[in-house]
Amino acid sequence: MNNTSSSGSSHSGTVERKRMADAIRVLAMDAVEAAKSGHPGMPMGMADAATALFADHLKFDPADPAWPDRDRFVLSAGHGSMLLYALLHLTGYEAMTMDEIRNFRQLGSRTAGHPEYGHAPGIETTTGPLGQGLANAVGMALAERLMAARFGDAVVDHHTYAIAGDGCLMEGISHEAISLAGHLKLGKLIVLFDDNRISIDGPTDLSVSDDQAARFAASGWDTEAVDGQDAAAVSAAIARAKKTDRPSLILCRTTIGYGAPSKAGSAGSHGSPLGAEEIAGARAAYGWKAEPFELPDDVLTAWRTVGAKGAESRAAWAKRRDALPGERKNVFERTIAGRLPEGLDDTIRAYKKSLSEEAPKRATRQSSGETLDVLAEHLPELIGGSADLTGSNNTKAKSQGIVSPEDFSGGYIHYGVREHGMAAAMNGMALHGGLIPYGGTFLIFTDYARPAMRLSALMGIRTIYVMTHDSIGLGEDGPTHQPVEQLASLRTMPNMAVFRPADAVETAECWALALARQDGPSTLALTRQGLPTLRTTHTDENLSARGAYVLVEASGPARVTLYATGSEVSLAVEAQALLEGKGVPTRVVSVPSRELFEAQDESYKAGIVDPNQVRIAVEAAIGFGWERFTGAEGAFVGMTGFGASAPAGDLYRHFGITAEAIAKAARERL
């Protein structure tokens, strides 16, 4: 036996696949029992299928977990996290020690209750919210095709595998994801469906009677049903799936809690420890004599042999990568590393200078589109898209070709009306590496995309959300489409940078900041209505990087400071003129990003938020959070409820968001 595993004689013969799978089962049972919480049943049921995948098909190398051409494995059914942790330990991922398995679900361990990206090599994405991993896998498979079209199959040629459960397929995001994958004919995507027909409440027929094979087939997938406890049958099905040009679903009929004497096949093994008696019965059924958290040497050796086999493939791949033409190799390595090209800052500065000189009056969504035209010429890794609102979001750069099932060389994806699926697929692309995904819809529809946006922030990955029609300023579409609480909601999300630029210059600056932000996502909130250019004097410095800065100085020692974002900054400038005309020295502070402002040093923040001044904030949204700037004595000019259907100008007057109202609020507090 071995305690890293356990002590004893090694076994050089072939270990049966069932015995290898049993190692996964016992580790799952033991870890959940030690933690007194977790989901043992799913790993026990899918152990045979996972063994077939890892032993016979998955291309990976634990010695180089970030190998760009590795196959991707996503455990969409993240509650069964011990399946993944067991596989990582068994195949030799150095960070996944037996101590980590013992400390399952404990503070500071790598083995969180649900897999968390960044906690340990081999965890490709954070899963747990059901269906997210499935949609991430679609994004990864799409990224593989996009990268192959740019750099060739010699260096980009791998599959994406996912294990999904009943819950993943019940979630609405699954429809968006499988529809998109089928449409794009992502033939290197293979999903193993844990068809155990058990949910936490009991048998799945309590709530669902879908024919999943027919459902996937209707979306353009190949499907096959197999005995999920027969590793050879699963392996053969995977081999067949690898030969098709369409995404594949393999329905693995399994028994949840396989081997447990009384809880197998029942909800009793789904979401709670099995208990000592049940575990003892399962061990007897497996013929497993090792102590908890110990593995027989022959089993561990068999698994470590599986883990070692990828080294040869990786070495061969490295030679092919090194044989790439010089510039292509440089671009490949740069984009895989997530670095921006040299000279991009100079390009953006030159573009900003031209904007200050030309002083266009246009919506920031249009300014964003113009900025993308500049960026796309220099960033081949930039992959855009929209949820069926391309013309409204201005998300397609002129140079970007359309991605289609026949041609993945383009840089623009028509996601259709699939906001949630789009956001989750973008996460998958960002996680895959080599690409910078951005996608657009109306800001109101962040509510449809929010679960995936939250995971972007939790994982700390660079996804960029281009959210237009950002206020009542969108006008006649009315309150169903007018966001009022969304800005505040997104600003409360940890690690989400929210940018609301005031003009074309700030829009370019905010794009530069979003691109440079490798450790988290960004949301650009952009207007429908035209706005004047306020930054008519060029500065090389990215002033938006401060989060908040003085846009217009007061004529003397300031008595009033007006804070505003986006379309309301120009109103604040008008209000400043009114106040100055009455002899009240007033300055205007543009606040394109509250998150970036809070990251500044205390002395800078104190200079922006001066308690000795009358402070007024204005934003065509709910005022939550603005008290940080106004204090108890200041005022907020903005929305207090939902909007209405009318032309934008009429709405601003109706809701009292005007230069006159801003100036009045300031004078009343002098």
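The following refers to the structure shown. Note that the coordinates shown come from a computational prediction; the quantities given were computed from them, not determined experimentally. (Residues numbered from 1 in each chain as written. Predicted model: local features only at pLDDT ≥ 70, side-chain atom pairs only at ≥ 80, totals over all residues. Heavy atoms only, no water.)

Moving on to the environment of arginine 587. Along the polypeptide, arginine 587 turns up in strand E16 (residues 586-590). Taking the C-alpha atoms as reference points, arginine 587 and leucine 551, 36 residues apart in sequence, are found 7.7 Å from one another. (Helix = DSSP H or I, 4+ residues; strand = E, 2+ residues; numbered from the N terminus.)

A complete count under the given rule lists 0 disulfides for this structure. Free cysteine cysteine 252: the closest other cysteine sulfur is in cysteine 168, separated by 13 Å. Given the relative accessible area of 0%, cysteine 252 is considered buried. (Disulfide = S-S within 2.5 Å. Buried < 20%, exposed > 50% of the residue type's maximum accessible area, 1.4 Å probe, protein only.)

The next thing to look at is the side chain of threonine 111. Structurally, threonine 111 can be placed in the loop between helix H4 (98-102) and helix H5 (132-151). Classification of threonine 111 by relative accessible area gives buried; the value is 0%. A polar contact of 3.3 Å, which involves the side chain of threonine 111, links it to the side chain of serine 109. Ignoring any residue separated from it by four or fewer positions in sequence, one finds threonine 111 in contact with Tyr85, Met96, Glu100, Ile101, Asn103, Phe104 and Arg105. (Polar contact = N/O pair within 3.5 Å; in protein donor to acceptor, adjacent residues only side chain to side chain. Contact = heavy atoms within 4.5 Å.)

Remark: helix H12 (residues 310-322) packs on helix H13 (residues 326-337), axes separated minimally by 9 Å, with the N-to-C direction vectors making an angle of 125 degrees. Comparing the axis directions of H12 and H13 gives the class oblique. Contact residues: H12 offers Trp317, Arg321 and Asp322, while H13 offers Lys329, Phe332 and Glu333. Residue composition of the contact of H12 with H13, by class: 2 nonpolar, no polar and 4 charged. (Axes fitted to C-alpha atoms, helices over the stretch in contact; angles between N-to-C directions. Parallel < 35°, antiparallel > 145°, perpendicular 65-115°, else oblique. Nonpolar A, V, L, I, M, F, W, Y, C, P; charged D, E, K, R; others polar.)

The tally for this structure, following the rule as stated, stands at 15 aromatic pairs. A ring pair is formed by phenylalanine 442 and phenylalanine 445, whose centres lie 6.1 Å apart and whose planes are at 10 degrees; its orientation type is stacked. Both residues of the pair, phenylalanine 442 and phenylalanine 445, count as buried. Taken together, the aromatic side chains of Tyr563, Phe597, Tyr604, Trp626 and Phe629 make up a single cluster linked through ring pairs. Directly above the ring of tyrosine 604 sits arginine 546, whose terminal nitrogen or CZ lies 4.3 Å from the centroid. (Phe/Tyr/Trp six-rings, centres within 6.5 Å; stacked < 30°, edge-to-face > 60°. Lys NZ or Arg CZ within 6 Å of the ring centre and 35° of its normal.)

Right, let's get into the sheet that holds strand E6 (residues 222-227). What the 5 strands build is an open sheet, ordered E1-E2-E3-E7-E6; its pairing is parallel. The strands lining the two open edges of the sheet, one partner per strand, are strand E1 (72-75) and E6. For this sheet, the mean angle separating the axes of adjacent strands, direction not counted, is 20 degrees. Direction of pairing for E6 relative to strand E7 (residues 248-253): parallel, over a ladder of 6 bridges. The residue of E7 that forms the bridge with alanine 225 is leucine 251. (Pairing = 2+ DSSP bridges.)

Secondary-structure assignment places threonine 395 in the loop between helix H16 (390-393) and strand E9 (412-414). Within the structure, threonine 395 has its side chain in polar contact with the side chain of tyrosine 412 (distance 2.8 Å). The residues touching threonine 395, leaving out its near neighbours within four places in the chain, are Leu372, Gly385, Ser386, Thr390, Gln400, Tyr412, Tyr438, Gly440 and Val466.

As a further point, take the sheet that holds strand E8 (residues 382-386). Spatially, the 6 strands line up as an open sheet ordered E9-E8-E10-E11-E13-E12, and their pairing is parallel. Edge positions in the sheet fall to E9 and strand E12 (497-499), since each of these pairs with one other strand and no more. Strand-to-strand twist of the sheet, defined as the mean angle between neighbouring strand axes without regard to direction, takes the value 20 degrees. Pairing of strand E11 (residues 464-468) with strand E13 (residues 522-525), which is carried by 4 bridges, proceeds in the parallel orientation. Counterpart to tyrosine 465 in the pairing with E13 is threonine 523. Sheet strands touched by helix H18 (residues 446-459): strand E10 (436-442), E11 and E13. Its angle to E11, the strand with the most contacts, is close to 160 degrees.

The biggest cluster of nonpolar side chains holds 70 residues, and the ones touching the most others in it are Leu142, Leu186, Leu189 and Met429. Broken down by element, this core gets its largest block of residues, 12 residues, from H5. Those residues within four positions of leucine 189 in sequence are excluded, and the remaining contacts are Ala137, Val138, Ala141, Thr160, Ala181, Trp221, Pro247 and Ser248. Ala55, Ala86, Leu87 and Ala260 belong to the second largest nonpolar core, which has 69 residues in total. (Core = buried A, V, L, I, M, F, W, Y, C linked by side-chain atoms within 4.5 Å.)

Once that is clear, we can look at helix H7 (residues 172-184). If you check H7, its first and last C-alpha atoms are 19 Å apart, about what 13 residues at 1.5 Å a residue would give, namely 18 Å. With respect to burial, H7 is a largely interior element, 10 of its 13 residues being buried. Considered for burial, the residues of H7 that qualify are Ile173, Ser174, Glu176, Ala177, Ile178, Ser179, Leu180, Ala181, Gly182 and Leu184. Contacts made by the buried residues of H7 are with H5, helix H6 (166-170), strand E3 (189-195), helix H8 (212-218) and helix H17 (419-432). Positive backbone phi, approximately 55 degrees, marks lysine 185, located one or two places after H7. (Expected span 1.5 Å × (residues − 1).)

Here the focus is the pairing of E10. Within a regular strand, the side chains alternate between the two sheet faces. The buried count for E10 comes to 7 of 7 residues, which makes it a mostly enclosed element. As judged from the 3 bridges shared by E8 and E10, these two strands associate in the parallel manner. The residue bridging serine 386 from the neighbouring strand is glycine 440, located in E10. Across 5 bridges, E10 lies against E11 in parallel orientation. The residue bridging phenylalanine 442 from the neighbouring strand is threonine 468, located in E11. With respect to chirality, the unit in which E10 leads through H18 into the neighbouring parallel E11 is right-handed. (Right-handed = clockwise from strand over helix to strand, strands pointing away.)

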